[in-house]
Amino acid sequence: GDQVEQSPSALSLHEGTDSALRCNFTTTMRSVQWFRQNSRGSLISLFYLASGTKENGRLKSAFDSKERRYSTLHIRDAQLEDSGTYFCAAGLQGTGSKLSFGKGAKLTVSP
Amino acid sequence: EAAVTQSPRNKVTVTGGNVTLSCRQTNSHNYMYWYRQDTGHGLRLIHYSYGAGNLQIGDVPDGYKATRTTQEDFFLLLELASPSQTSLYFCASSDAEGASAETLYFGSGTRLTVL
């Protein structure tokens, strides 16, 4: 079964607003990564976390360090260029670099 | 900046056809991966490798072979293509150590259509 569940699957925002995406894991994960896929299909790495939080500009990600069973991606002051599909991917303990991906969250930012 | 190059960008073949997708990374990464992306499924791991000559089975390996000929080159082979293998294929690489360890760097994708 799916080990990574993303929510919501789709989200619409107006420019300047804030929101969050979430990934829940059915078991304890070693690490999490967040990616954005643009309209051309290119996948860009946003964050890699083994614990705690990371911030880059208007994006901030957190990985639950206690139970290691969820991660969030916060988008502050959304801009048109933030539109795309966001994926999280998590690595199980003891599986090396093998990752399991969520099904994605399509974000649309409008004026 | 990690560079992962896939070829071809687009490919059309017929059922039963023989297809090879190519991937080259130029950053001396240890790990390379092949994923397929389908609506409603996200990205699913087909095969991966942690070095030349090594091959590991992913989550959806049926109907696919792969070969890692050098540290830079990883190939995905469909010897008897079927319509269910119509998909967008991504290659990725990652390092095993260092500050960016395990961060995936993706190629631009290959869109395969099997008629």
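From a predicted model like this one, the values you see are computed outputs, not experimental measurements. (Residues numbered from 1 in each chain as written. Chains lettered and ligands numbered in written order. Predicted model: local features only at pLDDT ≥ 70, side-chain atom pairs only at ≥ 80, totals over all residues. Heavy atoms only, no water.)

Trainee: Would you explain the pairing of strand E5 (residues 43-49) of chain A in this entry?
Mentor: Within a regular strand, side chains alternate between the sheet's two faces. All names here are of chain A. The buried count for E5 comes to 5 of 7 residues, which makes it a mostly enclosed element. As paired strands, strand E4 (residues 29-37) and E5 are joined by 6 bridges and run antiparallel to one another. Paired with Phe 35 across the bridge in E5 is Ser 45. Where E4 hands over to E5, the hairpin turn is made up of 5 residues, of which Gly 41 adopts a positive phi near 100°. (Buried < 20%, exposed > 50% of the residue type's maximum accessible area, 1.4 Å probe, protein only. Helix = DSSP H or I, 4+ residues; strand = E, 2+ residues; numbered from the N terminus. Pairing = 2+ DSSP bridges.)

Trainee: Looking at this structure, how should I read the interface of chain A and chain B?
Mentor: One widely used convention gives an interface's size as the accessible area the parts lose upon coming together. On the side of chain B, 21 residues touch chain A, which itself brings 18 residues to the contact. Across the chain A-chain B interface, the total number found is 0 salt bridges. Connecting chain A to chain B are 3 residue pairs in polar contact (both at pLDDT 80 or more). The element best represented in the side of chain A that touches chain B is E4 of chain A, accounting for 5 residues. Taken together, the residues of the side of chain A that touches chain B break down into 6 nonpolar, 9 polar and 3 charged. (Contact = heavy atoms within 4.5 Å. Salt bridge = Lys/Arg side-chain N within 4 Å of Asp/Glu carboxyl O. Polar contact = N/O pair within 3.5 Å; in protein donor to acceptor, adjacent residues only side chain to side chain. Nonpolar A, V, L, I, M, F, W, Y, C, P; charged D, E, K, R; others polar.)

Trainee: What am I meant to see in the packing of aromatic side chains here?
Mentor: Two aromatic rings are characterised by how far apart their centres lie and by the angle between their planes. What the rule picks out here adds up to 13 aromatic pairs over all chains. Both rings, one in Tyr 31 of chain B and one in Tyr 33 of chain B, keep their centres 6.2 Å apart while their planes meet at 15°; by these two values the pair is stacked. An aromatic cluster of at least three residues, connected via ring pairs, comprises Phe 35 and Phe 101 of chain A together with Tyr 31, Tyr 33, Tyr 35, Tyr 48, Tyr 50, Phe 90 and Phe 106 of chain B. In this structure, Arg 22 of chain A packs its charged tip against the face of Tyr 70 of chain A, placed 4.0 Å from the ring centre. (Phe/Tyr/Trp six-rings, centres within 6.5 Å; stacked < 30°, edge-to-face > 60°. Lys NZ or Arg CZ within 6 Å of the ring centre and 35° of its normal.)

Trainee: How should the sheet that holds strand E8 (residues 70-75) of chain A be read in this particular structure?
Mentor: Backbone hydrogen bonds are what pair the strands of a sheet, in a parallel or an antiparallel way. Residue and element names in this part refer to chain A. Pairing is antiparallel in the open sheet, where 5 strands are placed in the order E1-E3-E8-E7-E6. In this open sheet, the two edge strands, each paired with only one partner strand, are strand E1 (4-7) and strand E6 (52-56). On average, adjacent strands in this sheet sit at an angle of 15° to one another, irrespective of strand direction. Note: strand E7 (residues 59-63) against E8, 5 bridges, orientation antiparallel. Looking at the pairing, Leu 59 lines up with Ile 75 of E8. (Axes fitted to C-alpha atoms, helices over the stretch in contact; angles between N-to-C directions.)

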